[in-house]
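The chain contents come next:
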Amino acid sequence: MTIPDVDLAVIKRLSGDYLDLPFWEGTARHELRLHGCALCGRKYWPASQCVEHGDAQMEWAPANGGGIVHTYTIMYHAYAPQMAARVPFCVAVVQLDEGPFFHTNILDCPIEDIHVGLRVEVRFQLDDSTGLTLPMFVPADAVKSKT
Amino acid sequence: MRGKYAIAALGVTEQGIKLGRSDRELRGDAIGRALQQAGLERDAIDGYIHCWGEREDLRYLGLSPNFSWALSCGGATPAAGILAAVGMIEAGQAEMVACVYGIAPTSGYIPGNSDLKSIGAYSYGYPSLYGTMGAASSHALHARRHMHRFGTTSRQMGAVAVTQRGYAAKRPGTTGYGKPITLDDHQASPMIVDPFRRLDCCRDTDGGVAVLVCRADRARSLVDKPIYILGAGMGQNIVNWHKGVPYDHHDNIAPAKARAFAQAGIDLRDVDVAQLYDPFTISVIMQLEAYGFVAEGQGGPFVAEGGNGADGVIPTNTAGGQLSGFYATGFTGIIEAIRQLRGEAGEGQLGKADIALCSGHGLNAGVQNTWNHATLILGNQP
């Protein structure tokens, strides 16, 4: 697999900074990483300082890639021309098994089957417009039925 | 705090769609109206708080204040601006502070953001990678949780739209004037961002607003009906992000409410009218719960039974709010609160309107989806 380069300028345009580079370098390798407090182990995303131990060291470590749909919406209205070909699509907030929330799209799932509590697993997808590899999520059942 | 400071004057321009005037011109018009109401010349303004962020107003408007601030916490800014004005007066830095707002998104003028076509299309940060765009998508995440946890329905959200349109239909100068809707209209309106239909969402309007804030005695010497600032408070929902429950809370209202009500020395039963920040119908339901007008989870049935109507438990957004009135950010509610308290609400005037609760809500961050919340309690007696 060719590992795409991560462009810091893209990250900065998305309100991130170099502290998030290990995350995006991880997704480029199809690895979902979370930022964890070295003291208590609480996990965060994106790069954060621990709310309990603000000055503790933070380390990036792999997550298990699973989670549940905590909340979601289906976008029907194309707010911008580039959205017209895409609607309707789901934007969900997945609560990862380690705790953090993650905005994402739910793929390989009919819109009517998406619900709060749906168990999902990560699937990586290269985004041509940014060059970033995006964590997407698919129903865990769909993963099982393929394997 | 209670009764020590007042809003001496309120200047409101025409509010509506495609007025064809620039944002700066609207701010100038609003200031002119406020000054005229207070019987003051523009050199009386010695503090200027622009509730947004733009740098050239003072030159264009011919103002000469000691300070000019651009304050930005989204829809919480008008209440925060009034609070900042009080702070500067208290600190001896000013005597007459203008808090000013004006945008013209439907005429191509969003201050400092000439590329943005609509406030509703605002998007940034990592969530934008996934096609989130607009405030509707971020508020829909709260609505979905409320529906999941409490069984709140689209028809209950529709009740907010219908009741508020009922207020607006009788109020000249609103976008909903003369245009009542039914629950069937709501249910037939197209899905925009599930669970929001078109009639669950407010829309951009153009307009300017200015209030003049000063000491209460000064206000009494200038005008017949000063509006007193009884209490204020703020909260940030980031606390609930840290606790892992940001989507179950529209805002972190508890600390804002506690401080504002303590300053005012009142409780909920003393509030005659509520003006709650309402870009989407769910916002009204969740705030009525968080302020305690109804128990958590019961906001849907409460509005379905007319609890927010003119004869209900707490008349709410009595000129149609943002949903059916106009979108002047947090000023939408403050304007109507002042009109009710002055007895200037025309056909929509409530029988008793001495104390008004206003809320503001704004400046969410992309990933954590948490906003500032502002509580402002106004009264027509100190």
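Everything quoted here is computed from the prediction, not taken from an experiment.

Draft legend 1. Main features of the interface of chain A and chain B. Listed as interface residues are 29 residues of chain A and, on the opposing side, 28 residues of chain B. Of all elements in the fold, only β4 (66-75), β5 (89-96) and β6 (101-105) of chain A reach the threshold of two or more residues within the side of chain A that touches chain B. Tallied by class, residues from the side of chain A that touches chain B come to 16 nonpolar, eleven polar and two charged. Where β4 of chain A and strand β5 (residues 191-194) of chain B come together, two bridges link them in antiparallel fashion. Each residue of the ladder has a partner; that of Met75 of chain A, found in β5 of chain B, is Val193 of chain B.

Draft legend 2. Spatial organisation of helix α9 (residues 253-264) of chain B. Residues and elements named next belong to chain B. The terminal C-alpha atoms of α9, which comprises twelve residues, lie 16 Å apart, in line with the 16 Å expected from a rise of 1.5 Å per residue. Residues Ile253, Ala256, Lys257, Ala260, Phe261 and Ala264 constitute the buried set of α9. For α9, the buried positions fall inside an angular range of 110 degrees around the axis, keeping them on one side. Where α9 is buried, its residues meet β8 (227-236), α10 (281-291) and β11 (372-379). Positive phi appears at Gly265, one or two residues downstream of α9, with a value of about 70 degrees.

Draft legend 3. Representation of the packing of helix α4 (residues 134-150) of chain B against α10 of chain B. Residue and element names in this part refer to chain B. Following both chains from N to C, one finds α4 and α10 inclined at 55 degrees, their axes separated by 10 Å at the closest point. Viewed along their axes, α4 and α10 adopt a mutual orientation that is oblique. In this structure, α4 meets α10 at a crossing whose hand is left-handed. Of the residues in α10, those in contact with His139, His142, Ala143 and His146 of α4 are Ile282, Ser283, Ile285 and Met286.

Draft legend 4. Layout of the environment of Tyr228 of chain B. All names here are of chain B. When you line up the elements, Tyr228 lands in strand β8. Considered as a pair, Tyr228 and Asp206 are 22 residues apart in the sequence and their alpha carbons are 27 Å apart. What Tyr228 contacts, discounting residues up to four positions off in sequence, is Gly3, Ala6, Ala216, Leu378, Gly379, Gln381 and Pro382.

The rules we used
- Residues take numbers from 1 onward in each chain, read along the sequence in its written order.
- As a convention, the first chain written is A and the first ligand written is 1, with the rest following in written order.
- Reporting of local features is limited, given that this is a predicted model, to residues whose pLDDT is at least 70; pairs of side-chain atoms are given and counted only at 80 or more, and all residues count toward the totals for whole chains, interfaces and linings.
- Whether two residues are in contact is decided by their C-beta atoms, placed from the backbone, lying within 7 Å.
- Note on conventions: DSSP H or I runs of at least 4 residues are helices, E runs of at least 2 residues are strands, and numbering of each starts at the N terminus.
- The classification used treats Ala, Val, Leu, Ile, Met, Phe, Trp, Tyr, Cys and Pro as nonpolar, Asp, Glu, Lys and Arg as charged, and all other residues, Gly among them, as polar.
- By the convention used here, strands pair only if DSSP detects at least 2 bridges between them.
- To estimate how far a helix should extend, the number of its residues minus one is multiplied by 1.5 Å.
- Exposed residues have 12 or fewer other C-beta atoms within 10 Å of their own C-beta, buried residues have 20 or more, and partly exposed residues fall in between, where C-beta atoms are placed from the backbone.
- The directions considered for the arc run from the helix axis to the C-beta atoms.
- Lines fitted to the C-alpha atoms define the axes, with helices restricted to the stretch that makes contact. Angles between their N-to-C directions range from 0 to 180 degrees.
- With respect to orientation, any angle under 35 degrees is reported as roughly parallel, any angle over 145 as roughly antiparallel, any angle of 65 to 115 as roughly perpendicular, and every other angle as oblique.
- Each crossing gets its handedness from the near helix: less than a right angle anticlockwise from the far helix is left-handed, clockwise is right-handed.

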